[in-house]
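Structure assessment
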Amino acid sequence: LFMVVPSVESHVLIGKRRLDWLKGIKERGIKLSDIKTKKEPKVTPQDAQRGVFPISGVRTQHFRKKDLKNRLKELGFNVLEVHKVEYEWEGTLDEPTVASILKF
């Protein structure tokens, strides 16, 4: 079985990048209201604890490596390897965000 799943670690990193971007925007004196970005739904504490975060407005289960490995073992799978999949930021963050982050 081969799986590619969104990770909690990736969601956290995207959040950090977004905060860096917001800080850079404020330092440049740009009003956030002048920038058009997509608004993601707010995450409830219960969803965050379960690893459920929005991707393009859709609540999506994200996994911690340890939790995924344990769940697969519970289902009778023998986990042989776990690897990260590298991907581009485009499509992960809003367009203006991508362009701005790459300048940092």
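Nothing here was measured: the structure is a model prediction, and the numbers come from that model. Counting starts from 1 at the beginning of each chain's written sequence and moves along it residue by residue. Local features in this predicted model are restricted to residues whose pLDDT is 70 or higher, and side-chain atom pairs enter the listing and the counts only when it is 80 or higher, whereas totals over whole chains, interfaces and linings include all residues. Excluded from the side-chain calculation are hydrogens and water; included are all heavy atoms of the structure.

**Notes on the pairing of strand E2 (residues 58–61)**
Remark: a regular strand shows side chains that alternate across the two faces of the sheet. Each pair of strands is called paired provided DSSP finds at least two bridges between the two strands. Each helix is a run of H or I in the DSSP string that is no shorter than four residues. Each strand is a run of E no shorter than two, and both are numbered from the N terminus. Pairing of strand E1 (residues 52–55) with E2 involves 4 bridges; the strand directions are antiparallel. Bridging from a neighbouring strand, Ile-55 pairs with Val-58 of E2. If you look at the hairpin formed by E1 and E2, you'll find 2 residues sitting between the two strands, and Ser-56 has a positive phi there, around 50 degrees.

**Section: the pattern of salt bridges**
Take a side-chain nitrogen of Lys or Arg and a carboxyl oxygen of Asp or Glu: if they are within 4 Å of each other, that pair is a salt bridge. Applying the stated criterion across every chain, the model contains 5 salt bridges. The salt bridge partner of Glu-9 is Lys-84, with a shortest N-O separation of 3.2 Å. Placement of Glu-9 in helix H1 (residues 8–27) and of Lys-84 in the loop between helix H3 (65–74) and helix H4 (95–101) is noted, with a sequence separation of 75 residues between them. Each residue's exposure class comes from its accessible area (1.4 Å probe, protein chains only) as a fraction of the maximum for that residue type: buried when under 20%, exposed when over 50%, partly exposed otherwise. The class of Lys-84 is exposed, set by a relative accessible area of 62%.

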